[in-house]
Amino acid sequence: MAILAVRRRRGGDRAGTPFLPALAAAVLAACSAPPPGPVLPADAASLDPEVAALVERQAAAVREEPASAAGHGTLGLIYEANDLWQLARESYARALALDPGDRRWR
C-alpha cells in the first residue's frame, strides 16, 4: 500500500495538490484494467489429446471468469500435473495476483 504525504507550504497551500487528480486517475485506470486471460501453450497440437481437451475446458472456464483466481490456479494444476512447468508457474502467478491471500498459488 502506497502512502502519499502532502506537505504544507507557508501560507497554507498544499504542495502536490495538482498531482492528486493525476494520481487518482492512474489508480482508477490500473484498477479497471481487465483481468488476464488464460495462459495457453504456444503449440497446443503437441499436447496429448486428453491433456489438450482438459486444458481447453479449463481455459474456457477462465475466459468466462477471468477474475477467478481459482480458475487460473486450476489451470496451473493441470499444467503442473503434466510437467508443463513454465505454463504452471505463469498460471499460478496470475492466480496469486488475483488473490494474494490464497496460499495455494505460492
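Residues numbered from 1 in each chain as written. Predicted model: local features only at pLDDT ≥ 70, side-chain atom pairs only at ≥ 80, totals over all residues. Heavy atoms only, no water.

A. Layout of the nonpolar core. Formed by 13 residues in total, the largest nonpolar core has its most connected members in Val55, Tyr79 and Trp105. Those residues within four positions of Trp105 in sequence are excluded, and the remaining contacts are Ala69, Ala70, Gly73, Thr74, Leu77, Tyr92, Ala95 and Leu96. (Core = buried A, V, L, I, M, F, W, Y, C linked by side-chain atoms within 4.5 Å. Buried < 20%, exposed > 50% of the residue type's maximum accessible area, 1.4 Å probe, protein only. Contact = heavy atoms within 4.5 Å.)

B. Highlighting the packing of aromatic side chains. Under the definition given, this model contains one aromatic pair. A ring pair is formed by Tyr92 and Trp105, whose centres lie 6.1 Å apart and whose planes are at 20°; its orientation type is stacked. Taken together, the residues span a long stretch of sequence, with Tyr92 in helix 4 (residues 85-98) and Trp105 in the segment after helix 4 at a distance of 13 residues. Exposure class is identical for Tyr92 and Trp105. Each is buried. (Phe/Tyr/Trp six-rings, centres within 6.5 Å; stacked < 30°, edge-to-face > 60°. Helix = DSSP H or I, 4+ residues; strand = E, 2+ residues; numbered from the N terminus.)

C. Representation of helix 2 (residues 49-64). Taking 1.5 Å of rise per residue, 16 residues should cover 22 Å, and helix 2 covers 23 Å from first to last C-alpha, within 8% of that figure. Val51, Val55, Gln58, Ala59 and Val62 are the residues of helix 2 that are buried. Looking straight down helix 2, one finds that the buried residues subtend no more than 105° of arc, so they occupy a single side. In helix 2, those exposed residues whose orientation departs by more than 90 degrees from the buried face are Pro49, Glu50, Arg57 and Glu64. (Expected span 1.5 Å × (residues − 1). Arc of directions from axis to C-beta.)

D. The arrangement of the pattern of salt bridges in detail. Inspection of every chain in the model, using the stated rule, returns two salt bridges. One salt bridge connects Glu56 with Arg63, and the closest N-O pair in it is separated by 3.1 Å. For Arg63, a relative accessible area of 43% puts it in the partly exposed group. As a salt-bridge pair, Arg104 and Asp102 come within 2.6 Å of each other at their nearest N and O atoms. On the basis of relative accessibility, which here comes to 14%, the residue Asp102 falls in the buried class. (Salt bridge = Lys/Arg side-chain N within 4 Å of Asp/Glu carboxyl O.)

By themselves, these figures tell us nothing about what the structure is for.
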